[in-house]
Amino acid sequence: MLVLVLGDLHIPYRVSGLPQEFRKLLTPGRIQHILCTGNLCTKETVDYLKTLTADVHIVRGDFDDNPNFVDQKVVTVGQFRIGLCHGHQIVPWGDIESLSMLQRQMDVDILITGHTHKFEAFERDNKFFINPGSATGAFNALNSSTIPSFVLMDIQQGSLTLYVYQLVNEKFTVERLEYRKA
Amino acid sequence: MQSYTERAIPKPQRPPPPPPPSQSQLLTEQTILSPQFEASSSSSPAETSIESINDKEKHHPSLLSEFKRLFDTFNYESIREAILDRHMIECSFTTVLWRIFLHCLPRDSNEWNEMLNTSRINYEKLVNQYKIDPYKMNDDNNDDTKNVNHPLSHDENSLWAQYFADEELKGIIIIDVRRTYPDITFFRDPRMIDLQLRILFNHSRHHHKTIPYRQGMHEILGIIVYAICSESLKINEYQESNELMKKLYDSQYLEHDAYGIFEKIMEHLRQFYALTKNNSNMRKSKSVNDTKKLIPFQRLNHMEISINDSATRMNSIFERLRTYDRLLHDKLQEFNIEPTVYGIRWLRLLFGREIPFESIPNLWTVIFCFDEHFGFVDYFFIALLIQLGQIIGKQEELEHTSYLQSLMKQNVITNIEPVIRKALNLTGRQIQLLPDEPIISSIRKTEGSELYSIENDREDSTRAKELQRIPIASTPKRKLIRPHIADARKSVSPPQMNNQMEPIKHSSSNNTSSSEMIKSSESYNFLDSEMNPRVEKTVRERFEDNIRLQKCCAQYMNKFIERLQKQVCDLGIPNEDELHIQLSGLKQIATVLDGTLTFDGASLQTLVDYKHKPESSIEENNNDTG
């Protein structure tokens, strides 16, 4: 089962659209779910994501136009409980301890957050933390140069394979990480 | 009856009557139907041995002897001649014959073992080759960022891309497979659906450059699978099957064998499934290259000129029709009905939808054995067209649209044997043609045919006239009674009953004919095509008509009894009491038939017993009255 994780697109306020390379990769029919960390920001982007697949989950980011998105979400895919939150609520931004606290609060196996526009994926206390970064490479308040990135999770039974797509020098790269549920 | 045991092959679970065509019924029906054909065709002198064996099989299926006779020393020429001369119409080993004619198996049965093993192994290899597990790749893969095989890749070499393409293809195939022959429960079994999906998928992947999957292939495969499974079932339950028979029909390898047959057939049918070339360019200009492909004097449709193979073949067949049935040819041209309109379905499904399901294997056997290139298809095409033309010609209205509609109707022909013989005649063989009458009357007789429903719309008087047109003396009695029953079934209002009673009076006996008719209607039920989707309706109809028949009989009986009674009273003979008792017995029976009295065997038995003691009965009567 393929799950797409992305966020912080900031279309059209900071960036005009997804990079061409990424657009070519994302075709309908292959992905089953989309988890979006927020800050899309407009309805057009939401519609675009819906063309890729019907099952789209979005949480509210601080620049989203739509105030009706929820702040946090828990989705169960396969055997994994996945928590989704934008991350601007967590202070300090991207702090490991605070994220761990949130993870324990939500009681999830995988916690996905954004807002830092920086890709991260690590394991802590047998739980997995993913930050897909910004799919468009939009600038961040603290960091003006961001590498466009998003994550594709391949969930099988009790194991998770992570494909990280990053756009470096006009070409995309793919990395693979694996995580097994204890 | 069959004993149902759990096997790899699914058996359709069916309610006893009326059973949908199950796997074994297919063959028993064929053997029962075949004597009828052989009786009606003029007897051919020599070839009685095969016929008699077919007859024997009706009573004692000695499959082993048939197998040995056919395949121990396979005399290709003689068997081919037997099939083409219509001496061998039915065979319990049709799929083996197919395999030989299609060159899946060599002619020498000693080589079969090897051949079967190799072909089955090849199929296994094929299945494994096309089974893609993208996760297997992950284990071998290094962490080289450039070569990581990721799910979103559109790279042609990517395993994931292939995986998704396969899923898409399987999705297309399964939609069609789920819709094959919806009437037959055999095809609804999930194992059969998976089996067909696998075969079609593997075939399509293996031949994706030459014959990609198209709609229609699933029906061809359906027939093959059905034939193989039904024969395999019969062989595996037959105690005396020998080694070779069991190996040929090994239930583990049905898929492999079906694939082999399917592959060979598709090689020939490839031309019909080719995509039509884009015709829009042709309208504008004819380039030099294209004129080469145009047939001289080919009728140019003002809309487009199709230049693909199947269309040219159909057009050439159509031209040949001109020599055989000029009238029909001109009529079709007048209506501007392109042969491709109806022909494409005929050819792509190898006439699978035009003829009854049970007859398809027979036809295919003839096609496969005729020659290497399915040449018989052309002749059968023409013969079928002529046959349909005759049927349609009997209709009143012949407008363009209704003509085309009638041509496009499915399952109009119910008896293909005459059509096959006609086609064989066209090839130049000297075959005894069946007389025309049975064709038409057989089409009218069976219920499921569309033609019969067309006829229902006609006036009833014309139907009665047609009844009387059927010669009474020449046809055997069973055939005579059947059309009457067919009409008895359809009639609703009482005045029509009188219309029918007259032809019944023409037949020999009157009162006894009622019981015979009931018996023959029962036998007719047994012979009735089980493909009929409206079986329940006809059973009820038949039942109701039987009741009406009984009431009518009772009516007539009462009339006769009254008259007899009057005569007896008038005569004033001494033993008239006894006669009255007999008459009262008859009256009781009449009331039972009428339905007003329930059948009381005891009282009737006592009435009968009175007969044996005439003096005592008279004494008792005297005592009663006295």
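Please read all numbers here as calculations on a predicted model, not as lab measurements.

J.: Any chance you could break down the overall build of chain A for me, citing the residues and the numbers?
T.: Per the secondary structure count, chain A includes three helices and eleven strands. Start at the N end of chain A and walk to the C end: the helices and strands fall as β-α-β-α-β-β-β-α-β-β-β-β-β-β. Put simply, chain A has 182 residues, and 54% of those count as buried. Counted over contacts in chain A with a minimum sequence separation of 6, partners at least 24 positions apart contribute 55%.

J.: Break down the interface of chain B and chain A for me, citing the residues and quoting the values.
T.: Counting from both sides, the interface comprises 15 residues of chain B and, opposite them, 19 residues of chain A. Here chain B meets chain A over a buried area of about 1,500 Å², counting both sides, of which 58% is carbon and sulfur. Linking chain B with chain A are zero residue pairs in polar contact (both at pLDDT 80 or more), by the criterion used here. Secondary-structure elements contributing two or more residues to the side of chain B that touches chain A are α7 (134-140) and α8 (159-178) of chain B. Ranked by residue count, the leading element in the side of chain B that touches chain A is α8 of chain B, at three residues. Per-class residue counts for the side of chain B that touches chain A are seven nonpolar, seven polar and one charged.

J.: Which residues make up the confidence of the model for chain B, and what values do they have?
T.: All names here are of chain B. Put simply, chain B has an average pLDDT of 69, and 63% of its residues get 70 or more. For chain B, the element scoring lowest by mean pLDDT is helix α1 (residues 23-40), at 36; helix α9 (residues 190-206) scores highest, at 91. The low-confidence segment residues 278-292 (pLDDT under 50) makes nine contacts with residues lying over four places distant or belonging to another chain. Segment residues 302-306 is flagged for pLDDT under 50; beyond a separation of four residues in sequence, or across chains, it makes nine contacts in the model. Scored as a complex, the prediction yields pTM 0.63 and ipTM 0.83.

J.: I'd like a rundown of the packing of aromatic side chains, residues and numbers included.
T.: Enumeration according to the criterion identifies 30 aromatic pairs over all chains in this entry. Geometrically, the ring pair formed by Tyr-76 of chain B and Phe-101 of chain B is edge-to-face, given 5.5 Å between the ring centres and 65° between the ring planes. Of this pair, Tyr-76 of chain B sits in helix α4 (residues 76-84) while Phe-101 of chain B sits in helix α5 (residues 94-101); the two residues are 25 residues apart in sequence, bridging distant segments of the chain. Judged by its relative accessible area of 10%, Tyr-76 of chain B falls in the buried class. Grouped by ring-pair contacts, the aromatic residues Tyr-342, Trp-346, Phe-351, Phe-370, Phe-376, Tyr-379, Phe-380 and Phe-381 of chain B constitute a single cluster. For Arg-14 of chain A, the ring lying beneath its charged end belongs to Phe-63 of chain A, and the centroid distance is 4.8 Å. We note Arg-99 of chain B situated over the ring of Tyr-249 of chain B; from NZ or CZ to the ring centre the distance is 5.9 Å.

J.: I'd like a rundown of the sheet that holds strand β8 (residues 127-131) of chain A, residues and numbers included.
T.: Residue and element names in this part refer to chain A. Taking strand neighbours across the sheet as the criterion, the five strands line up as β4-β5-β6-β8-β7 in an open arrangement whose pairing is mixed. The open sheet has two free edges, formed respectively by β4 (72-77) and β7 (120-124), since each of these has just one partner strand. The sheet shows a mean angle of 20° between the axes of neighbouring strands, direction not considered. Note that strand β5 (residues 80-85) and strand β6 (residues 110-112) share three bridges and pair parallel. By the bridge assignment for β6, Ile-82 is matched with Ile-110.

J.: Describe the packing of helix α15 (residues 309-324) of chain B against helix α17 (residues 339-348) of chain B, and please don't skip the residues or the numbers.
T.: Residue and element names in this part refer to chain B. At their nearest, the axes of α15 and α17 sit 10 Å apart, and the two run at 110° to each other. It follows from the interaxial angle that α15 and α17 lie roughly perpendicular. For the pair α15 and α17, contact is made by Ser-310, Ala-311, Met-314, Asn-315 and Phe-318 and by Pro-339, Thr-340, Tyr-342, Gly-343, Ile-344 and Leu-347, respectively. For the contact of α15 with α17, a count of residues per class yields seven nonpolar, four polar and no charged.

J.: Any details on the pairing of β7 of chain A? Residues and values, ideally.
T.: All names here are of chain A. Bridge count between β7 and β8: five bridges; the pairing is antiparallel. Within the sheet, the bridge partner assigned to Ala-121 lies in β8 and is Ile-130. Taken together, β7 and the strand that follows it, β8, pair antiparallel across an intervening segment of two residues, in which Asp-125 is found at a positive phi of about 50°.

J.: How would you sum up the nonpolar core? Please name residues and give values.
T.: In terms of nonpolar packing, the biggest core is built from 120 residues, with Phe-93, Ile-265, Trp-364 and Phe-376 of chain B touching the most fellow members. When residues of this core are assigned to their parent elements, the largest contribution, 13 residues, is made by helix α19 (residues 376-393) of chain B. When residues are assigned to domains, this core turns out to be shared by domain 1 (92-138 + 151-277 + 295-302) and domain 2 (307-444) of chain B, each giving three or more. If sequence neighbours within four positions are ignored, Phe-93 of chain B has contacts with Leu-63, Glu-66, Phe-67, Leu-70, Phe-71, Glu-231, Ile-235, Met-245 and Tyr-249 of chain B. Grouped together as the second largest cluster of nonpolar side chains are 29 residues, Leu-25, Leu-40 and Ala-135 of chain A together with Leu-152 of chain B included.

J.: For the side chain of Thr-45 of chain A, give the residues involved together with the corresponding values.
T.: With respect to the helices, strands and loops of the structure, Thr-45 of chain A is situated in helix α2 (residues 43-52). Beyond its immediate chain neighbours, meaning those up to four positions away, Thr-45 of chain A contacts Leu-9, Ile-11 and Leu-40 of chain A.

J.: Quick rundown of the environment of Ile-235 of chain B? Include the residues and the values.
T.: Residue and element names in this part refer to chain B. One can find Ile-235 in helix α10 (residues 217-237). Residue Ile-235 is classed as buried on the basis of its relative accessible area, which comes to 1%. Taking the C-alpha atoms as reference points, Ile-235 and Lys-246, eleven residues apart in sequence, are found 7.0 Å from one another. For Ile-235, the contacting residues outside a window of four places in its chain are Leu-63, Phe-93, Ser-241, Met-245 and Tyr-249.

J.: Please give an account of the pattern of salt bridges that cites residues and values.
T.: Within this structure, the stated rule accounts for 21 salt bridges over all chains. A salt bridge links Lys-24 of chain A to Glu-21 of chain A; the nearest nitrogen and oxygen atoms lie 4.0 Å apart. With Lys-24 of chain A and Glu-21 of chain A both in helix α1 (residues 20-25) and three residues apart, the pair spans about one turn of that helix. For Glu-21 of chain A, a relative accessible area of 23% translates into the label partly exposed. As a salt-bridge pair, Asp-176 of chain B and Arg-179 of chain B come within 3.3 Å of each other at their nearest N and O atoms.

J.: Talk me through helix α6 (residues 112-130) of chain B; I want residue IDs and the actual numbers.
T.: All names here are of chain B. Given a rise of 1.5 Å per residue, 19 residues ought to cover 27 Å, and the 27 Å separating the end C-alpha atoms of α6 matches this to within 8%. All of the buried residues along α6 are Trp-112, Leu-116, Arg-120, Tyr-123, Leu-126, Val-127 and Tyr-130. Looking straight down α6, one finds its buried side chains confined to an arc of 115°; they lie on one side. For α6, the exposed residues set more than 90 degrees away from the buried face come down to Glu-114, Lys-125 and Gln-129. The elements touched by buried residues of α6 are α3 (63-71), α5, α8, α9, α11 (243-248) and α12 (254-273).

Procedures and definitions
- Residues numbered from 1 in each chain as written.
- Chains lettered and ligands numbered in written order.
- Predicted model: local features only at pLDDT ≥ 70, side-chain atom pairs only at ≥ 80, totals over all residues.
- Heavy atoms only, no water.
- Helix = DSSP H or I, 4+ residues; strand = E, 2+ residues; numbered from the N terminus.
- Buried < 20%, exposed > 50% of the residue type's maximum accessible area, 1.4 Å probe, protein only.
- Contact = heavy atoms within 4.5 Å.
- Buried area = accessible area lost by both parts, 1.4 Å probe.
- Polar contact = N/O pair within 3.5 Å; in protein donor to acceptor, adjacent residues only side chain to side chain.
- Nonpolar A, V, L, I, M, F, W, Y, C, P; charged D, E, K, R; others polar.
- pLDDT = per-residue confidence, 0-100.
- Phe/Tyr/Trp six-rings, centres within 6.5 Å; stacked < 30°, edge-to-face > 60°.
- Lys NZ or Arg CZ within 6 Å of the ring centre and 35° of its normal.
- Pairing = 2+ DSSP bridges.
- Axes fitted to C-alpha atoms, helices over the stretch in contact; angles between N-to-C directions.
- Parallel < 35°, antiparallel > 145°, perpendicular 65-115°, else oblique.
- Core = buried A, V, L, I, M, F, W, Y, C linked by side-chain atoms within 4.5 Å.
- Domains from an automatic or database assignment.
- Salt bridge = Lys/Arg side-chain N within 4 Å of Asp/Glu carboxyl O.
- Expected span 1.5 Å × (residues − 1).
- Arc of directions from axis to C-beta.

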